[in-house]
Amino acid sequence: MWLISKLRQLALVLRPGVVTLRYPFEPAVAPEGFRGRPVWDHHKCLGCGACSDHCSARCILVSDPCQELRVMLYDGARCTYCGRCAEICPEQAITMSGDFEMASGDREDLTTRLELFMLTCQRCGRCYEMENDNVLDRLDLKGYRYDHLEARAMIRKTSPQWSADLVRESKTYSRPTGRPQPGDR
Ligand code: SF4
Ligand code: SF4
């Protein structure tokens, strides 16, 4: 009786086969949709700070040590891997990677730093990134019209008169000098 019981137990154990991984002796791949360490693409990041504003763990810090430099610091020691930063980023500069093996005795191993060279918006005084095309560059290419100052005309981008060269022309704009003449506006 005892022997039969043991044989039944053995059959039960053997039936499913091996269901566990040999991890950590073999690498384990994170499943699709897994939210591991957030990774930044510095070519895409504008330094807008939206990820920092929305990080509930307050682990993305933004500092402007001088007018031209913005430093973004991600401190992974406090990250909850919620993915909100990746979700909110307007440039898709953050990816939630499959990296989950982050045990370390050195906090710097969990830190990501971005040093972004910025320009300053003359209207609001805030910084924007200057190395790549950014949202301010793209503003004059979006929308339905272009305001041509020399021609004093609004040109619809769907019209045959529209050309991207008009944007380059506008960069040659120079402020009028001298006294206003009759007929000047
Ligand atoms: S990662 Fe995205 S949200 Fe964060 S500062 Fe850069 S562009 Fe803005
Ligand atoms: S995953 Fe969540 S907690 Fe981690 S940096 Fe992004 S917003 Fe913050």
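You'll find the structure just up there.
Residues numbered from 1 in each chain as written. Chains lettered and ligands numbered in written order. Predicted model: local features only at pLDDT ≥ 70, side-chain atom pairs only at ≥ 80, totals over all residues. Heavy atoms only, no water.

Colleague: What am I meant to see in the overall build of the protein chain here?
Modeller: Helix and strand counts for the protein chain come out as 5 helices and 8 strands. Counting from the amino terminus, the protein chain carries its helices and strands in the arrangement α-β-α-β-β-α-β-β-β-α-β-β-α. Only carbon and sulfur atoms are counted for the fraction: they give 55% of the accessible area of the protein chain, which is about 14300 Å². (Helix = DSSP H or I, 4+ residues; strand = E, 2+ residues; numbered from the N terminus. Areas by Shrake-Rupley, 256 points an atom, 1.4 Å probe, with all protein chains shown as cover.)

Colleague: Would you mind going over the site of ligand 2 with me for this structure?
Modeller: Near ligand 2 lie 13 residues; those nearest to it are Cys55, Cys79, Cys82, Gly83 and Cys85. Looking at the shell around ligand 2, its residues break down into 10 nonpolar, 2 polar and 1 charged. (Near = heavy atom within 4 Å. Nonpolar A, V, L, I, M, F, W, Y, C, P; charged D, E, K, R; others polar.)

Colleague: Even after reading the chapter, I still don't get the side chain of Ser97, so can you show me in this structure?
Modeller: Along the chain, the position of Ser97 falls in the loop between β4 (94-96) and β5 (111-120). Here Arg37 takes part through its backbone oxygen, which lies 2.6 Å from a polar atom of the side chain of Ser97. The residues contacting Ser97, other than those within four sequence positions of it, are Phe34, Arg35, Gly36, Arg37 and Val39. (Polar contact = N/O pair within 3.5 Å; in protein donor to acceptor, adjacent residues only side chain to side chain. Contact = heavy atoms within 4.5 Å.)

Colleague: Explain the environment of Cys66 to me, please; I cannot follow it from the model alone.
Modeller: One can find Cys66 in strand β2 (residues 60-66). When the C-alpha positions of Cys66 and Met118 are compared, they lie 9.6 Å apart, and in sequence the two are 52 residues distant.

Colleague: Please clarify how the packing of aromatic side chains should be interpreted in this entry.
Modeller: Taken as a whole and judged by the stated rule, the model has 3 aromatic pairs. Between Tyr23 and Phe100 the ring centres are 6.1 Å apart and the planes differ by 50°, which places this aromatic pair in the tilted class. Here Phe100 lies in the loop between β4 and β5 and Tyr23 lies in the loop between α1 (2-14) and β1 (38-40), a separation of 77 residues in the sequence. For Phe100, a relative accessible area of 31% corresponds to the partly exposed category. (Phe/Tyr/Trp six-rings, centres within 6.5 Å; stacked < 30°, edge-to-face > 60°. Buried < 20%, exposed > 50% of the residue type's maximum accessible area, 1.4 Å probe, protein only.)

Colleague: It is not clear to me how unusual backbone geometry should be interpreted in this structure. Could you clarify?
Modeller: Backbone phi values are negative for most residues with the exception of glycine, while trans is the configuration of most peptide bonds. Between Tyr23 and the following residue, Pro24, the backbone shows a cis peptide bond with an omega angle of 10°. Tracing the backbone shows Pro24 in the loop between α1 and β1. Even without being glycine, Arg58 reaches a positive phi, approximately 55°. Mapped onto the fold, Arg58 is located in the loop between α2 (50-54) and β2. You will see that Tyr81, though not glycine, has its phi angle at about 55°, which is positive. Structurally, Tyr81 can be placed in the loop between β3 (69-75) and α3 (84-88).

Colleague: How should the pattern of salt bridges be read in this particular structure?
Modeller: Between side chains of opposite charge, pairing is possible as soon as their charged atoms come close. Scanning the entire structure with this criterion turns up 7 salt bridges. In this structure, Arg107 engages Asp75 in a salt bridge whose closest nitrogen and oxygen atoms are separated by 2.8 Å. Remark: Asp75 occurs in strand β3 and Arg107 occurs in the loop between β4 and β5; sequence separation between them is 32 residues. Notably, a salt bridge pairs Arg84 with Glu87, separated by 2.6 Å at the nearest N-O pair. Of this pair, Arg84 and Glu87 both sit in helix α3, 3 residues apart, which is roughly one turn of that helix. (Salt bridge = Lys/Arg side-chain N within 4 Å of Asp/Glu carboxyl O.)

Colleague: Quick question: what am I supposed to make of the state of the cysteines here?
Modeller: Disulfide: a covalent bond formed between the sulfur atoms of two cysteine residues. Inspection of the entire model under this criterion finds 0 disulfides. As a non-bridged cysteine, Cys59 has Cys55 as the owner of its nearest cysteine sulfur, 3.6 Å distant. Exposure remark for Cys59: the relative accessible area of 2% places this residue in the buried category. (Disulfide = S-S within 2.5 Å.)

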